[in-house]
Amino acid sequence: MYYIDFDNTIYETGKLTKDILKIISDEVSVRKNEDAKKVFEDFKSSTDNFFTFAKKYCIEYKIDYDVLCSKILDIIINKGKEYVFPDAIKFLKKLKESNENVCILTYVSNSKNLEQQALKLAGSGILELVNEVYNTTNFKFELELDFKNSIFIDDSPRDIEGFYKKGARNIIRIIKPNNEKRTSKKLNLPEIIPELETFDEIFSKKVLSK
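Residues numbered from 1 in each chain as written. Predicted model: local features only at pLDDT ≥ 70, side-chain atom pairs only at ≥ 80, totals over all residues. Heavy atoms only, no water.

Engineer: Whenever I open this one, the overall build of the chain confuses me. Can you help?
Structural biologist: When helices and strands are tallied, the chain shows nine helices and six strands. Relative to a compact globule of 210 residues, whose C-alpha radius of gyration would be 17 Å, the chain shows 19 Å and is just as compact. The burial tally for the chain puts 47% of its 210 residues in the buried class. For the chain, long-range pairs separated by at least 24 residues make up 65% of all intrachain contacts whose partners lie at least 6 apart in sequence. Each charge class in the chain can be summarised by its mean position, and for the 35 positive and 35 negative side chains these summaries are 2 Å apart. (Helix = DSSP H or I, 4+ residues; strand = E, 2+ residues; numbered from the N terminus. Rg over C-alpha atoms; globule rule 2.2 N^0.38 Å. Buried < 20%, exposed > 50% of the residue type's maximum accessible area, 1.4 Å probe, protein only. Contact = heavy atoms within 4.5 Å. Lys, Arg positive; Asp, Glu negative; His and termini not counted. Charge placed at Lys NZ, Arg CZ, Asp CG, Glu CD.)

Right, dumping it as structure tokens:
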């Protein structure tokens, strides 16, 4: 079984976030009579999902939430495929053609974000290429998985280290752009695992022991 991470591995989550915050900042700037770029820069880091974040500003500046919500949904659902890394789609298609079992293993920090994550997954267009999806608020390495006999592809140091401690040895770290906070962190492991920039390298460099 292949267990593959979603955010920042298959899906360019950082770009989606910037695009949605721009939509919100454009609406707020009209109400505040302020430059949209300045409004965008003034946004504080938040654990809110896109919808609860937008709702706060709609209440504060008397913006029509339904209109703003529709714009956010349009990006996530109708334009979602634009945020999937092309090499990830190519890799998933190759696995499907080879009849490999594939599970998207994706973590969100709280249950309020599960629905948003489900929307992102649906809009991405990858669901027809995989067998299963685990959308969970538990740390991935806390799940009951066959760690020793599965392949894990992820970008998160926390999860990669967790997989290793559970006995996983077929682990690949995908390092994508625009995610420096994670990619700059070195792994605390007793051995070196493959760290790749693209899914293409998984086969071309023959990094799997399978």
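Engineer: What is the right way to read the packing of aromatic side chains from this model?
Structural biologist: What characterises a pair of aromatic rings is the spacing of the ring centres plus the angle enclosed by the ring planes. Under the counting rule described, the total for this entry stands at 17 aromatic pairs. Aromatic side chains Phe91 and Phe199 sit 5.1 Å apart centroid to centroid with 35° between the ring planes, which places their arrangement in the tilted category. Of this pair, Phe91 sits in helix H5 (residues 86-97) while Phe199 is found in the loop between strand E6 (195-196) and helix H9 (200-204), placing the two residues 108 residues apart along the sequence. Here Phe91 matches Phe199 in class, with each residue buried. Ring pairing ties together the aromatic residues Tyr3, Tyr134, Phe147, Phe152 and Phe163, which thus form one cluster. One cation-aromatic arrangement involves Arg158 over Tyr107; the distance from NZ or CZ to the ring centre is 4.8 Å. Between the NZ or CZ atom of Arg169 and the centre of the ring of Tyr164, over which it lies, the distance is 3.6 Å. (Phe/Tyr/Trp six-rings, centres within 6.5 Å; stacked < 30°, edge-to-face > 60°. Lys NZ or Arg CZ within 6 Å of the ring centre and 35° of its normal.)

Engineer: Help me out: how do you make sense of the environment of Asn110 in this one?
Structural biologist: On the secondary structure map, Asn110 appears in the loop between strand E2 (102-107) and helix H6 (114-124). Taking the C-alpha atoms as reference points, Asn110 and Tyr57, 53 residues apart in sequence, are found 21 Å from one another. If sequence neighbours within four positions are ignored, Asn110 has contacts with Thr47 and Thr137.

Engineer: Looking at this model, I keep getting lost on the packing of helix H1 (residues 13-32) against helix H4 (residues 65-78). Mind explaining?
Structural biologist: Think of two packed helices as two axes; the pair is described by the angle between the axes and how far apart they sit. Remark: H1 packs on H4, axes separated minimally by 10 Å, with the N-to-C direction vectors making an angle of 160°. When the interaxial angle is binned, H1 and H4 end up roughly antiparallel. Helix-helix and strand crossings are classified by hand; for H1 and H4 the assignment is right-handed. The residues of H4 that touch H1, namely those facing Leu16, Asp19, Ile20, Ile23, Ile24 and Glu27, are Leu68, Lys71, Ile72, Ile75 and Ile76. (Axes fitted to C-alpha atoms, helices over the stretch in contact; angles between N-to-C directions. Parallel < 35°, antiparallel > 145°, perpendicular 65-115°, else oblique. Left-handed = near helix turned anticlockwise from the far one by under 90°.)

Engineer: Looking at this structure, I do not really get the nonpolar core. What am I missing?
Structural biologist: Note on soluble globular proteins: their nonpolar side chains tend to be buried together. In terms of nonpolar packing, the biggest core is built from 46 residues, with Tyr2, Ile4, Ile10, Ile24, Ile72, Ile153 and Phe199 touching the most fellow members. Looking at this core, the elements that each hand over two or more residues are strand E1 (2-4), H1, helix H3 (50-61), H4, H5, E2, strand E4 (151-154) and strand E5 (170-174). Setting aside residues up to four positions removed in sequence, Ile4 forms contacts with Thr9, Ile10, Phe91, Leu92, Leu95, Val102, Cys103, Ile104, Leu105, Ile153 and Phe199. Grouped together as the second largest cluster of nonpolar side chains are 16 residues, Phe163, Tyr164, Ala168 and Leu187 included. (Core = buried A, V, L, I, M, F, W, Y, C linked by side-chain atoms within 4.5 Å.)

Engineer: Would you mind showing me how to read the pairing of E2 here?
Structural biologist: Side-chain direction in a regular strand flips from residue to residue, so the side chains alternate between the two faces of the sheet. For E2, the buried fraction is high: five of the six residues fall into the buried class. The sheet contact formed by E1 and E2 spans three bridges and is parallel. Looking at the pairing, Tyr2 lines up with Val102 of E2. The pairing of E2 with strand E3 (residues 132-136) spans five bridges and is classified as parallel. (Pairing = 2+ DSSP bridges.)

Engineer: Which parts of the structure should I look at to understand unusual backbone geometry?
Structural biologist: Glycine aside, the phi torsion of most residues is negative, and most peptide linkages are trans. The backbone phi angle of Asn8 is positive, close to 65°, even though this residue is not glycine. Its location among the elements puts Asn8 in the loop between E1 and H1. Using a relative accessible area of 16% as the deciding quantity, one classes Asn8 as buried. Of note, Asn33 is a non-glycine position whose phi angle comes to about 55°, a positive value. Its location among the elements puts Asn33 in the loop between H1 and helix H2 (36-42). For Asn33, a relative accessible area of 73% puts it in the exposed group.

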